[in-house]
Every structure is written in structure tokens, then in C-alpha cells.
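One-letter residues, chain by chain:
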Amino acid sequence: MTQSNRLNQGGRIDRSRRLSFTFNGQQYMGFAGDTLASALLANGVDIVNRSFKYSRPRGITAAGPEEPNAIVQLGASEAAQVPNVRATQQALYDGLVARGTNGWPNVQRDVMSWVGKLGGGFMPPGFYYKTFMAPASMWMTYEKFIRKGAGLGRAPTEADPDIYDHFNQHCDVLVIGAGPAGLAAALSAARAGARVILCDEQEEMGGSLLDSREAIDGAPASAWAEQVVSELAGLANVTLLPRTTANGYHDHNFVTLHERRTEHLADTAAGAGREGEVRARLHRVRAGRVVLASGSHERPLVYANNDVPGNLVAGAISVYIRRYGVVPGQRLVLSTNNDHAYRAALDWQEAGREVVAVVDSRAKPDGDLVKQARDAGIRVITGSAVMEATGSQRVSGAKVVAIDTERFVVTGKVETLECDTIASSGGYSPVVHLASHTGKRPQWRDDLLGFVPGEFKGMHVAGGAHGVYALGEALADGAGVGAEAARAAGFKEAAAIAVPDVAVRHESPISALYQVPHEKPPLRAPKQFVDLQNDVTAAAVELATREGFESIEHVKRYTALGFGTDQGKLGNINGMAIAARCLNRSIPEVGTTVFRPNYTPVSFGAIVGRHCRELFDPERYTALHQWHVENGAEFEDVGQWKRPWYFPQKRRAGGQERLETMHEAVARECLAVRRGVGILDASTLGKIDIQGPDAREFLGRVYTNKWAKLAPGRVRYGLMCKDDGMLMDDGTTSCLAENHFLMTTTTGGAAGVLEWLELWHQTEWPELQVYFNSVTDHWATMTVTGPDARKLMSEVTDIDLDREQFKFMDWKEGKVAGVPARVFRISFTGELAFEINVQANYAMHVWKALFAHGEKYDLTPYGTETMHVLRAEKGLIIAGQDTDGSVTPEDLGMHWAVGYDKPFSWIGQRALTRPDTAREDRKQLVGLKPKDPKVVLEEGAQIVLDPEQKIPMTMMGHVTSSYYSPVLESGFALAVLKGGRNRMGETVYLPMSDGSVHQAEVVSTVFIDPKGERQNV
Amino acid sequence: MFHIFCPYCQEYREEEEFHPSGQAHIERPAEPASVSDEAWGDYLFLRDNPRGIHHEMWVHRLGCRKFFNITRDTASYEILETYRMGEQPSITAASAEVRREQGVQTADGGWQTVGARPENSRLNEETPS
Ligand SMILES: [Zn+2]
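Residues numbered from 1 in each chain as written. Chains lettered and ligands numbered in written order. Predicted model: local features only at pLDDT ≥ 70, side-chain atom pairs only at ≥ 80, totals over all residues. Heavy atoms only, no water.

As recorded in an unreviewed UniProt entry, chain B goes by the name Sarcosine oxidase subunit delta, listed as coming from Salinicola corii.

The name that an unreviewed UniProt entry assigns to chain A is Sarcosine oxidase subunit alpha family protein, with the source organism given as Salinicola corii. Listed under Sequence similarities (unreviewed entry) in UniProt, the entry text for chain A is "Belongs to the GcvT family." (UniProt positions renumbered as here; feature names shortened; annotations may be inferred.)

This is the structure in C-alpha cells:
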């Protein structure tokens, strides 16, 4: 296929580098420097998509990020798929493969067009609103349909082969946009010595200078852009970021920039010959000052059939001709309400194609560009507008009529002009998106017929972004604002650069025109599209106002105006103007338009950066981790820790070798502890070193029980509540010396408890002299437990293990396997137990020494699952599993651990006498024994007293911990049950989701060794 | 993401290093036993939720581990001052009203943070508008 619309010369493309690409299965050629859109237009591709709701053929409409139709799915391979790419922003590369997002199965001959006709009726205005009101089950049905046809693109089903990165950046002045104002601002700030970041979303910096007809200092405007970019590139204090979109403007001048590093070269970094390089970067910029020089988007006019391929925004015509050497048609009709759009007609004519007419809604336009057009022999029809486009697959003509914009009526006879392209311009909308991310509402300016950014601390606006459009003025504005921003950032001497020479152009003022009146009433005229991406028509907006939606925010939700991936960059203001006309109000009275991050879609890869796979969340390993790995442990995540869950061993049966199931392994590990000796890596328990003369007093205030008399060498179990009386954490604390304690916390609670202690010390009791430090990682903890624990320990330690010398809840210092150690006689299994703490670096040596001596006792490593079974058999709770922030110590039956008579009102005490916490029928911790010993109740299962009761049943509590006990040879559980302690011996019921009902007896929480004799031998 | 001046570290740091810890200046009753159930419930659970000036407690969790206070405008998200535990804010909802009446309101609809604590000199600089 030939590039029928490509001019023989001109444009900023490299004609020596021909690139081949595939669109919708068809192969085409383009040039280096093309965008996918310019290459498609060069090849005469009119239809790039089918529309969302009506399945109408759609063509390329614009040349930048505002493009609503040319949304493509990019990528040659499955893994490289990228959805929702705007063809206007995608640089062409050799081998590019793209497909219209909404063209399925074929944009040219749409076998789904019946769906479009159905869709029209199927999805009336208010569709979303009404759908969300409908039962959720209906939404599922709609959603499938919408997804298929909605132009939402699809995610790849294979893993992305590329890598992405985050950069944290700081600068004095961040300039967003490298058009005339942005370049001038960056140069002013940079010359003053400020650290400047200049970012621009396009392939090439220069913005409107690249397609301008005007001269700067007597040379083409683009030459000035090149010269400034080259000066900036040579300055050490300037970072230039092309292909970088400022996508989000957040609090305190924090701006996220999305830099595309290889996407203009190939669909993967490797494909671009840059294997291992970063595909895209997210710059997290904290800017001293931000200069918003984001320019403006031209608004199309709203007229009948304005969506037929061949309808373009006027400025896009100039961009395609002047930057890419592409004229997207033969015969042009331009419909405008302003002077600037005339350049499209002049460019068109100079490219050797026919301008049929310029249709100007103003009565007497007389600006320089208008004169120039007339002098060039172009027919100018005034006081009129294009009312309707004809044609279906491509524009075939323009129906032109005189209009009265005040009364919104046509006033003359319709004339049909034959043409294949209609360009329209309804004025310009400053790109206020980023500024509105900050929460500041844009302000309407009647003189500009557009919104400008609201003022915001730390933000400066330059050029077209606040309606300073004329080239000379934009340059001067940028130069001044750049200097102002640098001064505000501390560069007091900063001065504006000398503004280059630009001829002043006389312009006749713009006149308001958004929707063109039609000879038929608005609701009966052919469709006049406001939001092309979401297929929202002027009639739909009008209908919304008739149904009583008066705020633009409501109209938007009713019609889905602006809800596409383009966020309504082209359509929002027109939609507001139509709503305002219908409601007989002004545009600002109808509301302002608020945009949210991100400005254009950002790939998930860039958002995630390196925070994926093994770096998604840090993993913490104990000093013994390698041993666990080598000994076949299965691991469990506890917070960020990897803890051995159980240690499956090989079993031989009938000549076959296999690994134990979890159930088998846990049963074996449990019995080993109960009958011989087991060992647990308990290093992950939180450990907080507490020192200071008031440490003891402090403990008495944060724990529910008493600490005044705990002597050095002794250990005590403590409960920690919040001031609402609810249990927060628990653990043992040992008195190391009179002013020195070691607190242990749950594995998951370590950081929170430390912050809790600091909170109370710093904010309520700063007069107490006490200091806290986390020592969790400093000490490795090994629990040796079981009837044979003492025999094993006696072989490796010099500590006197005599039961009278080293009592239960004592700790002693000594050597274990030759290493300095603290050994604690505390037990979480109910068996005789020694917790050995050694410096983490020595842990592996000690652990291996224990196994060397332990072989004859069949020392068995066990994991967290066995730990849970053993502790639950003893009725020992896990804070956070058996409690949930609504459980008091009394609910747990731990009255013995509450010191009501302590002198200081400790945290939680007052709340325990509130009426609600003192209620008799609170949920209390009990044991449950299933009537069928084979049953292991589900954790979380609800308890009822009457299984015959109609739903909703009266729920009495729920199961918190449940396991199979190899010692009891039965399932057993802990549960919280209303008034549970007075229900001992009663039968309760647990209805399951499959309709079955389990029965269980309410029993004591202690299932084994109720007197606690085994741990005290 | 906020940019927060830690009054202990004497530096601006990113919000990621900090953690909010609820409303500031809530004092635990000195003698809880003598407080009514209702008053105790208020102390535990009731918090202000103003639109505008609010005093919040934050902790420099990944820094110096110190708790401190922030005066923040909940509408504009502007941090007007940060100050150490035990100190009082120099800007309050009442004083902000005074500022509005005295006409030092800035063009952006906020007001200049004159009178913020000395360590917040950057907050004191004049806004360019
Ligand atoms: Zn700090």
C-alpha cells in the first residue's frame, strides 16, 4: 500500500528510514519520526475503531493526548500487550503491531453492527446510573457486554518481560511542558542556577513551536526550540525528560512523571536491543516550585455526524501537515469561531490541496489570518457553521447554514459543500488537569471561553495553560514566570531571559460557539457527539437536564460524559456548555470540571516499579533459616517473617518413599514434644529491651498485672490492653536487673508494641526515665521442650538445671554450647521448657550442637502449626487470633492477671468497669469438644444454641482456634461464646455452609494437664 | 504525599517515614477512677473532624521515632506548622479566623503562615502571588 496522503517533502520525519508496521492485521509503511496516527493517516486509513455504544466507524480526530478514537492495543506478542495506547502518542517503530481496541472483529466490515443498533436502545443515557441501581446480578451480565465492546482494552495474560523503575527526584523548579512558555521558563530558571527538571510528553520537545507558521527572530519557530533545548541540554543543573508525562500533581508539590524509555523503539526493551534496560520510569519529584506550561487543547465543535471519519480538530490538521508531511484528505471545509484555526486552511492550501471553504460563526472576522486566507483566494462564509457532516465511512460533504448563536437557531438555507474532510475549532481549553489534581477548582474566564487553573501554593502557570496564547506573549509570560519561580525557590537574582522577536498578529475576538444549532430540534437531529470515546451525544446531555440533573457532576454520571480513558479532554467543556444552555445558566454556574490523576494512562509496570515478585514486600529470615531450608521445612508467612510451618519427613511404605502430609507431620511433632523433646525456632518473637530507673513503674502502667515485686532472675507473663480495656498483645517480661527488663511480644505485634510504649512515654509520662529499644534481631531464640528437655540441656550448658535452683518462670545466664546465653524457663507448650537466647550470630552453632546431643533423645524440630496445637491444648491464647480488639482480660478468664488494686490507673483499668465491659453476657473464651472426635471445627464458624431456629439465627459466638490433637485423638477448639463460662457442659451447634450441623460440648479451655504439673517438673 | 518537617530531626522528610497517630492534645484524665463513664467514653472515642485547621499527632516512625504535632488544614492539606510534644500550636482555628479578618489572606484562598514556629522558616516565606 502506498502512502497516498504523504507529501513529497516537509515534516520532521526521516524519509531515509522506512518503517514497516501492522494495524488490524494489515501491513503498512511509515517513516522514522511518525506517530502511529500520522502513519495511518499517511496510508489513508480512515477507520481505526468502532464506537463504544453505537458501533459507528471512527477515525483519527486529534494529534495529541486528547485523541478519543484512535485507542489501540499494542504489542506483537502476548507478553508485550499494552492496552489503551493513543495512536497519536505512540511513536512508530519498525515491526509495530497494533489493533483498534474496539474494532473487534473488524473495523472495516463490522459484523457486530447489529449490536450497535441494539446497543443504542440497550444503553440509553443514564445507563450506568440505572444499571448500578439494578440488582448486582444484572451488572455482571452488562459488564461482559460492555467490556467486550467498550474499548477498555485487555491486559496481557503472560508476564511482562520488562523491568520498570522509580526515581526519587528533587529540584528547585519543575517545568511541565516544553512548548514556547515552558522552554522560556526553563531557560530563565536554569540561567539563574536553579536545579531544573523540564519534562514533555512528546517525542520531541517544542510543543506548538514544531507546527507553528510563525517566525522567531526571523527564523522558523522550531529552530528557536532546537536552540533552547540544546542550551538546556548543556547545563549541568538541568534534567531534560522527553517522552515524559507529568501524570499526577499531589500534595506539597509532589509530582509523578511517567518516562517512557524504550516504548518508542519496540514493544519490549529486548526488542529494542536494550535488554536489561528499564522500559519506563516513574519519577517521584518533590519540586520547590512547579511551572505548569501544559498548553491548551483545541475544542471541536458539536454538529450532526461530527464523528464520521474525516472530521478532525483544526489544529491537528496543521500538526499532521507541518510535522509529519501528511495531509489527511483532498478537500477541506473548516468550521471555526476564532482566527487561530485559519492556519489549518492555509497549511492545507499550501500543501497543494483544495480548501472548499472556511465557515466562520462570526459576522465580521477581520484578523490577519482571516485576511491572509481571503488573499489566498479561500472562500470565507461568515455568520455560519457546519451543521452536519454527510457520509458514513468517510465525510462526503458538509451542510453549512447561517446561525444565530444567541437564539440557538439556524437562520438561512442549508448549503451542502462537497468535501472529504471537515476541520472544526470551537476555541481552546487550557490544560488545567494537573492543577485540578491538587483540589483547587479551575476558574472560568469569559474572555477566554475556558477554564484556567486555580491558584495553588508553589505552583506557577505560564502560557496557554492560563490562556496566554499569542506566541510572543507566551514566550514573554514563560520567561517571566520561570524567573519568578526561581526567585521563589531561593534564587533571588533570577531574571527573565530576553524575549525573542515575534511579529504581533492582529486577531479578531473569539465568539462563543459549542454546539451548532440544527434545522431539526436537538433531540431529532442526527447524532451530535460530545464525548466521542463514550458515545455521549448532545441529546443525551439535554435529556439528562430534562430528567432533573442540574449539576455537571450529576450529568456526567448520568451520561458517562468524560468517563473514558481520555477523561473527556475534548468533550467536557462542550458538555458543560450544552447543559448550561439547556438549564439557561452560565457555564461556571453549572459547575467546574475536575480531573483526577492520572492525566493519561500509566502502565502498571511503571506504577509498581521494582516492588514486585520477591521485592513486593521484604522477607525476614531468622539466623537459622538455612537449616530449616536444608531440612525440608514448609514455611508460613507471619508478618514479614518466613517461619517453619512444619517439617515433613520422608516415609517408606511398600517400597515407596513419600513425604509426610501436614497432618502426619504435625501429629508426629506434637507427640515428640509431649513424649520426648522437641525444638522450635522462636527467634521471631518481638523483643524489646527496657531500661531506666522508672522501667518497673512504666511496666506497671502498660501491663494489667503487677511488676513492683518481680525480682531480677524472674519472669512474668503480662497482658497489655488499650485504654478501652481490650487486649492488645501479650508476652513474658523478664527482670534482667533492677532497672533492666526484656519484654517479648507476639511476632506480628513487635513494631506496634514498641511504638505503643513510645507513645505513652513521650505523650503522657515524659517524666518517667525509661528507654526502649528493639532487640528482636539481636537475639536468636530456641525453645527446647518436652519431658527430656532437661536431660538434653544438661549436656550442653553449665547452668544448674536443678528444679529447685532453676524454677519455672526463672531465667539464668550461662553458656550453652560454649556460647553466652540467657535461658528462660517459660513454657508455651505445657511441657518442661527452656528458651535459649543467644546472640543471633552464634545461633546456628548452638542449634547444631543441640541436634548433635539431641540425636539420642530423638530431638524433633517442630514448626508453627505444632506450636499452635500444643498451646491450644493448654488453653494458651494467641493475641490477634483468639482476640480481635473486642476481648478483655476478663473475657479470656484471666482475672488472675489483672491487678485492680495497683496504685496507678494502668492502661485499660478504667474501661474495665464501664457497664459494657462489665456485662455478664459478654463473649467469653471457652473450649469446645466436638461430639464427633473426627471433626475439626472450622475457625470462624458461628455458634448457635438452637439449630432449628429460622434464619437469621441468634449467633452466640464463634470458633477462634481449632485443631486435631494427636494426644486427645480428637478435634478440639477454642471459641468465644456469650456467657460461655456459665455454659460448661452444654451442647452448642455450629451450622456449616453445606447445610450440615456440628455439635460440640462447652468445656474448659485447658484440654491437657489442667493442674499444670508437666511444665513444672 | 506530604512533605513533613520533623521538629526533632529539624528536616523535611517524605510522608513515607511518618505515621499519623490521631488527634493531638488529647490528654488522659489524671484520675481516671473519678471520671464518669460518659466522660471516659468521650476521652476514648470522640474526636474532632473539622474542615480547616486541625492539630494532629504524628510519629517519625522510620526516623527519630519521636511523636510530634502538626497543624494542618484538612481542606487544602497545607501543613501550617509542626511542633514538639508538650508545646502548644501557634496557629489555631480561632487565630486563623483572626488572620482572615485582618486580611493577610493570600490570593489562593489560604492565608500566609506568619507566626509559625521558627523551625518552620520555609513556611514563613512569602507566597509569590
Ligand atoms: Zn525525626
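The discussion continues.
Visitor: What exactly am I supposed to notice about the overall build of chain A here?
Guide: Regarding its fold elements, chain A presents 23 helices and 52 strands. Taking the principal axes of the C-alpha coordinates as reference, chain A spans close to 115 × 70 × 65 Å. Once local pairs closer than 6 in sequence are excluded, the contacts in chain A between residues at least 24 apart make up 67%. As presented, chain A carries roughly 40300 Å² of accessible surface, and 50% of it is formed by carbon and sulfur atoms. Each charge sign in chain A was given a centre, from 109 positive and 121 negative side chains, and these centres are 3 Å apart. (Helix = DSSP H or I, 4+ residues; strand = E, 2+ residues; numbered from the N terminus. Contact = heavy atoms within 4.5 Å. Areas by Shrake-Rupley, 256 points an atom, 1.4 Å probe, with all protein chains shown as cover. Lys, Arg positive; Asp, Glu negative; His and termini not counted. Charge placed at Lys NZ, Arg CZ, Asp CG, Glu CD.)

Visitor: Would you explain the interface of chain B and chain A in this entry?
Guide: Much of the literature gives interface size as the accessible area that the parts lose upon coming together. On the side of chain A, 37 residues touch chain B, which itself brings 37 residues to the contact. Summed over both partners, the interface of chain B with chain A buries about 3100 Å², with 48% contributed by carbon and sulfur atoms. Our count for the chain B to chain A interface comes out at seven salt bridges. Across the pair D723 of chain A and R28 of chain B runs a salt bridge whose closest N-O atoms are separated by 2.6 Å. The tally of links from chain B across to chain A stands at 20 residue pairs in polar contact (both at pLDDT 80 or more). Looking at the side of chain B that touches chain A, the elements that each hand over two or more residues are β3 (19–23), α1 (37–45) and β4 (53–59) of chain B. (Buried area = accessible area lost by both parts, 1.4 Å probe. Salt bridge = Lys/Arg side-chain N within 4 Å of Asp/Glu carboxyl O. Polar contact = N/O pair within 3.5 Å; in protein donor to acceptor, adjacent residues only side chain to side chain.)

Visitor: Just checking my understanding: could you explain the sheet that holds strand β20 (residues 380–382) of chain A for this structure?
Guide: Residue and element names in this part refer to chain A. Taken in spatial order, the five strands of this open sheet run β17-β25-β18-β19-β20, and their pairing is parallel. Whereas interior strands pair on both sides, the edge strands pair on one side only; in this sheet they are β17 (311–313) and β20. Averaged over all pairs of adjacent strands, the angle between strand axes in this sheet comes to 20 degrees, irrespective of strand direction. Strand direction decides the pairing type here: strand β18 (residues 331–336) and strand β19 (residues 354–360), joined by six bridges, are parallel. (Pairing = 2+ DSSP bridges. Axes fitted to C-alpha atoms, helices over the stretch in contact; angles between N-to-C directions.)

Visitor: Would you explain the sheet that holds strand β5 (residues 67–73) of chain B in this entry?
Guide: Strand-to-strand pairing in sheets goes through backbone hydrogen bonds, with the strands running parallel or antiparallel. Pairing is antiparallel in the open sheet, where four strands are placed in the order β3-β4-β5-β6 (chain B). Strands at the two margins of the open sheet, each flanked by one partner only, are β3 and β6 (79–84) of chain B. Between one strand and the next, the sheet's axes are offset by a mean angle of 30 degrees, whatever the strand orientation. Against the sheet, helix α20 (residues 750–763) of chain A touches β3, β4 and β5 of chain B, its axis set at about 80 degrees to β5 of chain B.

Visitor: Would you mind showing me how to read the side chain of T785 of chain A here?
Guide: All names here are of chain A. By the secondary structure assignment, T785 is in strand β42 (residues 779–785). Judged by its relative accessible area of 0%, T785 falls in the buried class. At 2.8 Å, the side chain of T785 and the side chain of T829 are in polar contact. Within polar-contact distance, the side chain of T785 engages the backbone oxygen of L832 at 3.0 Å. Residues within four places of T785 in sequence aside, it is in contact with V673, G676, V677, G678, T829, E831, L832, A833 and Y862. (Buried < 20%, exposed > 50% of the residue type's maximum accessible area, 1.4 Å probe, protein only.)

Visitor: What am I meant to see in the coordination of the zinc ion here?
Guide: Angles between donor atoms at a metal ideally measure 109.5 degrees for a four-coordinate tetrahedral arrangement and either 90 or 180 degrees for a six-coordinate octahedral one. Residue and element names in this part refer to chain B. Protein-derived ligands of the zinc ion are C6 (SG), C9 (SG), H60 (ND1) and C64 (SG), with the metal-ligand distances lying across 2.0 to 2.3 Å. Mapped onto the sequence, the donors of the zinc ion take the spacing C-x2-C-x50-H-x3-C. Residue C9 is located in the loop between β1 (3–6) and β2 (11–14), and its partner H60 is located in the loop between β4 and β5; the two are separated by 51 residues in the primary sequence. Owing to a relative accessible area of 33%, C9 belongs among the partly exposed residues under this scheme. Residue class for H60 comes out buried when judged on its relative accessible area of 2%. (Donors = N, O, S within 2.8 Å, 3.2 Å for Na, K, Ca; no water.)

Visitor: Is there a simple way to think about the packing of aromatic side chains in this case?
Guide: Each aromatic ring pair is summarised here by two numbers: the centre-to-centre distance and the angle between the ring planes. Enumeration over the complete set of coordinates arrives at 29 aromatic pairs over all chains. For the ring pair F18 of chain B and F68 of chain B, a centre distance of 5.7 Å and an interplane angle of 80 degrees mean the geometry is edge-to-face. With F18 of chain B in the loop between β2 and β3 and F68 of chain B in strand β5, this residue pair connects regions lying 50 residues apart in the sequence. Residue F18 of chain B shares its accessibility class with F68 of chain B, and that shared class is buried. Pairwise contacts between aromatic rings join F698, W756, W760, W765, F772 and F904 of chain A into one cluster. (Phe/Tyr/Trp six-rings, centres within 6.5 Å; stacked < 30°, edge-to-face > 60°.)

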